[in-house]
Amino acid sequence: MDLSGQLAKLFKPNERPHPAEAELSVAQGAANTAKDFDWLDRNIPCQKACPAGTDIPGYLTAIAEERPEDAYRINLRDNIFPGILGRVCSRPCESACRHGYEGLGEPVAICASKRSAADESPTDPVILEPYFPPTQKSIAIIGSGVAGLAAARELALLGHTVTVYEKHTEPGGMLNQGIPEFRLPRDLIQQEIKQVIALGITLHCGVTIGTDIPLHQLIDQHDAVIAAAGTLKPNQPNLPGQTLPGIRHGLDFLLEAHTSGTTVGKRVIVIGGGYTAMDCARTARRLGGQVAELNDGKLLIAYRRTRDDIRVIPDELEELDHESIPLECSATPLAYLETDGALSGMRFQRTGTDETFELPADTVLLATGQTPDTDWQQNLTHPNLFLVGDYATGATDLISAIGHAKKTVTEIDHFLMGTHRRTPRVQVQTASAIGRTEAMDQLPRNAMPTLPLEQRTTTAEVETGYETPAALTEAQRCYRCNYKFEIEQDKCIKCDWCLKAKPHENCILMLKTITYDDAGKATDWESTERVREMNLIWINSDACTRCGACITACPVDAISLQKVTLTHENTGEPS
Ligand code: SF4
Ligand code: SF4
Ligand code: SF4
């Protein structure tokens, strides 16, 4: 290519105004325009998908750089329960991960990596620094499940005085009552709850609001009250024979299995297709004998939709298969069957057809969902009463409940203090390299090691966690989507060397035209294959896997590299 006439661009001064059409509003420092937040949302899909907004590339980088304690702290700050979520999160981030895009392999094992950071960090409580000094505002929280505790942690960091009321004898809600120990060790639950309580939170267990203390009294005594009472009212399908003994709700069954102990009959049907159904079935499998033994029709899950409709992570379904628990899909329950006054089976309809069939059972576990039990609230509403987590939204999952709690706490803090005291910012830092190699892109996803079937019991944790080498290579797989490669148009001499070096068809494009909105954000573009039609060369960051090939190839340093991070700053004085 003839470079005459272009060489002058080499001598462009580095100190020049930041172009309005740049992808971010600043080249360095804190940014806060819609364009900056939009860049984060489009470019870091895992963080966008996490309801708690976890800085996933930040902590994966820390793991890859052998700083697991830093990775743990990043998670702790963002999602409050890293060790717990590292085991039982529903992982919306992994479905969104760029590494899972078509042709790019499998998503990064984000959740298992979070766990590895927790496993490799000391078990001493990590106490975060509060954002603000004490405010003298007092908040009561009803319920100590993840939503209540997440709200408590966030409010305590904001300087408020927090008292949590729990009707059960120990805190944790669903963590203790709904999730089996073979998926979530109890000492870990206690350890991570202790970290929250250690921020100066007062916890009263065995106190039922509405019975021991009237709700209106709590409202009178505090500046705000949060109801985070979860969803404890089981949905009961209205079927003939529903009062027969042997029909139990899944959550009651799981709670008994974890506390006083329980038994199951010789033939068990679990109804449902969510995590509770899986947990009931795997617990019943253990109570019914050795997991390694032949199931032989003793236990199955009946689900009214198809296997593809089941709302659990793929690993969970794999473990179901591994533990020989069959799924009877497209099975809509019609009736319980009775023989001599006892439960003897269920009749089903093949969903979407007229076909009916019967299956034998002496135990039926109903995992058909639950709703908030609002009786204790007695329709009382008040401007100082806020609903949080599943109690507000209906049954979701742990990370959604945490995300909802964080969001609501922001509103409560504004309500109490009259100003937004924590403001999101987009922090932009010039970088020289990402610290990855091309070989890292080819690494396969590390499988989670598990216990052999013959060692599986109601308490032994099935997933045993990555060894250190697997934790490192898994974290190295992350592309670091929090880095931005951008061609500085006034430096680019359109030599096309980056186009020759690029690994993906559309990560760098020759453009005929590009349209920007008033904020300088690219809204539309027309690419071309013909050099003579090309007006600029442009990095399509949606398709960029941050390999760095272009920056290495560029002969005139026309490609800039920046690290982009979502932060929160203390702003605004209380009124
Ligand atoms: S590659 Fe890394 S930063 Fe990008 S979406 Fe996946 S986990 Fe997130
Ligand atoms: S860093 Fe450059 S070459 Fe690599 S994927 Fe991104 S745009 Fe393409
Ligand atoms: S950005 Fe690409 S086309 Fe522009 S000067 Fe660098 S290598 Fe050449």
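Residues numbered from 1 in each chain as written. Chains lettered and ligands numbered in written order. Predicted model: local features only at pLDDT ≥ 70, side-chain atom pairs only at ≥ 80, totals over all residues. Heavy atoms only, no water.

K.L.:
Just checking my understanding: could you explain helix H8 (residues 146-157) for this structure?
P.N.:
Given 3.6 residues per helical turn, the α-helix brings residues three or four places apart onto the same face. Counted at 1.5 Å a residue, the expected span for H8 with its 12 residues is 16 Å, and the 16 Å between its end C-alpha atoms agrees. The element H8 is extensively covered by neighbouring structure, given that 12 of its 12 residues are classed as buried. Regarding H8, the residues found buried are Val146, Ala147, Gly148, Leu149, Ala150, Ala151, Ala152, Arg153, Glu154, Leu155, Ala156 and Leu157. Where H8 terminates, the next one or two residues include glycine 159, which has phi positive at roughly 95°. (Helix = DSSP H or I, 4+ residues; strand = E, 2+ residues; numbered from the N terminus. Expected span 1.5 Å × (residues − 1). Buried < 20%, exposed > 50% of the residue type's maximum accessible area, 1.4 Å probe, protein only.)

K.L.:
Would you mind showing me how to read the site of ligand 1 here?
P.N.:
Taken together, Pro45, Cys46, Ile56, Pro57, Leu60, Cys97, Arg98, Ile110, Cys478, Tyr479 and Cys481 make up all the residues around ligand 1. Elements supplying a minimum of two residues to the shell around ligand 1: helix H2 (45-49) and helix H3 (56-64). Tallying contributions element by element places H3 first for the shell around ligand 1, with 3 residues. Classifying every residue of the shell around ligand 1 by side-chain character gives 10 nonpolar, no polar and 1 charged. (Near = heavy atom within 4 Å. Nonpolar A, V, L, I, M, F, W, Y, C, P; charged D, E, K, R; others polar.)

K.L.:
Help me understand the sheet that holds strand E20 (residues 522-527), please; the structure alone is not making it clear to me.
P.N.:
Strand pairing in a sheet relies on backbone hydrogen bonds, with the paired strands running either antiparallel or parallel. The antiparallel open sheet is built from 3 strands, whose spatial order is E20-E19-E21. The open sheet terminates on both sides in strands that have one partner only, identified here as E20 and strand E21 (536-539). The mean angle between the axes of side-by-side strands here comes to 65°, regardless of whether they run parallel or antiparallel. Where strand E19 (residues 508-516) and E21 come together, 4 bridges link them in antiparallel fashion. Among the inter-strand pairings, methionine 510 is bridged to a residue of E21, identified as isoleucine 537. (Pairing = 2+ DSSP bridges. Axes fitted to C-alpha atoms, helices over the stretch in contact; angles between N-to-C directions.)

K.L.:
Explain the domain arrangement of the protein chain to me, please; I cannot follow it from the model alone.
P.N.:
Much of the literature gives interface size as the accessible area that the parts lose upon coming together. Taken domain by domain, the protein chain consists of domain 1 (7-28 + 481-570), domain 2 (39-126 + 435-476), domain 3 (138-232 + 372-420) and domain 4 (238-361). When the buried area of domain 1 at its contact with domain 2 is split by residue, Cys481, Asp542 and Leu566 rank highest and sum to 37% of it. The interface formed by domain 1 and domain 2 contains 1 salt bridge. Between aspartate 542 and arginine 42 there is a salt bridge; the shortest N-O distance is 3.3 Å. Where domain 1 meets domain 2, there are 5 residue pairs in polar contact (both at pLDDT 80 or more). When residues of the side of domain 1 that touches domain 2 are traced back to their parent elements, those giving at least two are strand E18 (483-487) and strand E22 (559-570). Here the side of domain 1 that touches domain 2 takes 3 residues from E22, the largest share from any one element. (Domains from an automatic or database assignment. Buried area = accessible area lost by both parts, 1.4 Å probe. Salt bridge = Lys/Arg side-chain N within 4 Å of Asp/Glu carboxyl O. Polar contact = N/O pair within 3.5 Å; in protein donor to acceptor, adjacent residues only side chain to side chain.)

K.L.:
Teacher, can you tell me more about the nonpolar core here?
P.N.:
If you look at the biggest cluster of nonpolar residues, it comprises 69 residues, and the most contacted ones within it are Phe81, Ile141 and Ile226. Sorting elements by how many residues they give to this core places helix H16 (residues 398-417) first, with 9 residues. Here this core gathers at least three residues from each of two domains, domain 2 (39-126 + 435-476) and domain 3 (138-232 + 372-420). Setting aside chain neighbours within four positions, we find isoleucine 141 in contact with Gly148, Ala151, Ala152, Leu155, Val162, Thr163, Val164, Tyr165, Ile226 and Ala228. (Core = buried A, V, L, I, M, F, W, Y, C linked by side-chain atoms within 4.5 Å. Contact = heavy atoms within 4.5 Å.)

K.L.:
Just to check I follow, could you spell out the layout of surface pockets for this structure?
P.N.:
Rolling a probe over the atoms, with the probe sized like a water molecule, indicates the empty space that remains. A volume near 1300 Å³ is recorded for the second largest pocket. Lining the second largest pocket are 42 residues, with Ala52, Gly53, Lys406, Leu566 and His568 positioned closest to its centre. Sorting elements by how many residues they give to the lining of the second largest pocket places H16 first, with 7 residues. A class-by-class count of the residues in the lining of the second largest pocket yields 15 nonpolar, 14 polar and 13 charged. (1 Å grid on protein atoms, 1.4 Å probe; cavity = no way out; pocket = protein on both sides within 12 Å on 5 of 7 lines; lining within 4 Å. Points joined across faces, edges and corners; volume = space filled by probe spheres on them.)

K.L.:
Before we go on, may I ask you to explain the side chain of asparagine 540 in this structure?
P.N.:
Along the polypeptide, asparagine 540 turns up in the loop between E21 and helix H20 (549-553). A residue is classified by how much of its surface remains accessible, and asparagine 540, at 10% relative accessible area, is buried. Side-chain polar atoms of asparagine 540 contact the backbone oxygen of asparagine 506, separated by 3.3 Å. Apart from the residues within four sequence positions on either side, asparagine 540 is in contact with Asn506, Cys507, Leu509 and Trp525.

K.L.:
In this structure, what is going on with the pairing of strand E9 (residues 299-302)? I would like to understand it.
P.N.:
Consecutive side chains of a regular strand alternate in pointing toward one face of the sheet and then the other. With burial as the criterion, each face of E9 is covered, one bearing Leu299 and Ile301 and the other bearing Leu300 and Ala302. In this sheet, E9 lies alongside strand E8 (residues 268-271) in parallel orientation, the contact comprising 4 bridges. Bridged to valine 268 within E9 is leucine 299. Chirality of the crossover, the property in question, places the unit of E8, helix H13 (residues 275-287) and E9 among those that are right-handed. In this fold, the crossover linking E9 to strand E10 (residues 327-328) by way of helix H14 (residues 314-322) has right-handed handedness. (Right-handed = clockwise from strand over helix to strand, strands pointing away.)

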